[in-house]
Amino acid sequence: MSTTLNKPPAQTHTDIKDIKKRRNTGGSLLTVFTWLIAIGFFFPVAWMVLTAFKQESDAATNPPTFFFTPTLDQFKAVFDAGVGTALLNSLFVTTVSTIFVLLLGVPAAFALSLRPVKKTSDALFFFISTKMLPVVAVIIPLYVIVGQIGMLDNVWTLIILYTSMNLPIAVWMMRSFFLEVPSELLEAAEIDGASLWTSVREVILPLISPGIAATALICVIFSWNEFFLAVNMTAVNAQTMPVALTGFMSGQGLFWAQLSAASVIAALPVVICGWIAQNKLVRGLSFGAIK
């Protein structure tokens, strides 16, 4: 007794074309949907930039004015209001604090990864535990201590605070990058007679340079955007850009064009840093990933 197997009919050329057509249609719809989401996220930024080149009368119209004569008057007014000093303060505080974070964080991450110390997990937990305490819970004792030592409204106070704020994140990030480096490289360098410092400088640091760039950029963003500590620890001399932006919201009303111009100036340095370091940033953010 023979059994006949029912084989499924082979797909015809027309069926294959229909499948490809549906896939292409689905891919096109997904692309359009992705672009719409991207435009939706970017639209507020684009509108801010456009508003920065308007007069206050055009910026306050309802419905909005889309056609106008561009002007640089708002940028001139922003710098006349003293934003230049706040911009320099932010640049100085962000640059110096980021350098301090890297000088302290890279050796610490190296010691906790390729050259582990006793109770490494306890040290790592201590670093990350400092980020669990809300800043608002320590602002009063910080303010009292800083006031007692005469460091209120001083850029070095912000540098110290921003360094301590970003150091735990830098240590954890840099440790993940160091763990991706094979320990055999250090052993080979030691066999060749290289000292520890030479091995780190010539072998390890070139390999993890993308990770250092990614860590530095994240520290720059966090320091540049920080507002709570800056608004409580500064007054006039050490005022940073996030604090200076609040000066354009007064009892006389909101100066939308000037606020937009000041916001463009505040965002531009971080955008430039990200654009310069974009290649190393992409490599750095994927360097410590689990593969």
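Scroll up to find the structure.
Summarised in this report is the structure supplied together with it.

Parameters and conventions
- Residues numbered from 1 in each chain as written.
- Predicted model: local features only at pLDDT ≥ 70, side-chain atom pairs only at ≥ 80, totals over all residues.
- Heavy atoms only, no water.
- Helix = DSSP H or I, 4+ residues; strand = E, 2+ residues; numbered from the N terminus.
- Buried < 20%, exposed > 50% of the residue type's maximum accessible area, 1.4 Å probe, protein only.
- Contact = heavy atoms within 4.5 Å.
- Areas by Shrake-Rupley, 256 points an atom, 1.4 Å probe, with all protein chains shown as cover.
- Phe/Tyr/Trp six-rings, centres within 6.5 Å; stacked < 30°, edge-to-face > 60°.
- Axes fitted to C-alpha atoms, helices over the stretch in contact; angles between N-to-C directions.
- Parallel < 35°, antiparallel > 145°, perpendicular 65-115°, else oblique.
- Left-handed = near helix turned anticlockwise from the far one by under 90°.
- Nonpolar A, V, L, I, M, F, W, Y, C, P; charged D, E, K, R; others polar.
- Salt bridge = Lys/Arg side-chain N within 4 Å of Asp/Glu carboxyl O.

## Looking at the overall build of the protein chain
No. 1: Within the protein chain, the secondary structure is distributed over 13 helices and two strands.
No. 2: Burial statistics for the protein chain: of 291 residues in total, 34% are counted as buried.
No. 3: If you take every contact in the protein chain between residues at least 6 apart in sequence, the share linking residues at least 24 apart comes to 76%.
No. 4: Taken as a whole, the protein chain presents about 18300 Å² of accessible surface, with 70% of it coming from carbon and sulfur.

## Observations regarding the packing of aromatic side chains
No. 1: Counted under the stated rule, the structure contains five aromatic pairs.
No. 2: With a centroid separation of 5.6 Å and 85° between ring planes, the pair formed by F92 and W156 is classed as edge-to-face. In this pair, F92 is assigned in helix α4 (residues 83–111) and W156 in helix α7 (residues 155–179), connecting sequence segments 64 residues apart.
No. 3: We classify W156 as partly exposed; its relative accessible area is 40%.
No. 4: Through pairs of rings, three or more aromatic residues link up here, namely F43, W47 and F66.

## What about unusual backbone geometry?
No. 1: Within the chain, D153 stands out as a residue other than glycine whose phi angle is a positive 55°.
No. 2: Along the chain, D153 turns up in the loop between α6 (135–148) and α7.

## Topic: the packing of α4 against helix α9 (residues 196–225)
No. 1: At a closest axis distance of 9 Å, the pairing of α4 and α9 adopts a crossing angle of 140°. Considered as vectors, α4 and α9 are oriented oblique to each other. Every pair of crossing elements has a handedness; the one defined by α4 and α9 is right-handed. Counted together, L87, S90, L91, T94, S97, T98, V101, L102, V106 and F110 of α4 and L196, V200, L205, I212, T215, A216, C219, V220, S223 and W224 of α9 form the full contact between these two elements.
No. 2: A breakdown of the residues in the contact of α4 with α9 according to their chemical character gives 14 nonpolar, six polar and no charged.

## Section: the pattern of salt bridges
No. 1: If you walk through the whole model with that rule in mind, you get one salt bridge.
No. 2: Among the ionic pairs, K76 bridges to D80, the shortest N-O distance being 3.1 Å. Taken together, the residues K76 and D80, both in helix α3 (residues 73–80) and four residues apart, mark about one turn of the helix. Exposure class is identical for K76 and D80. Each is exposed.

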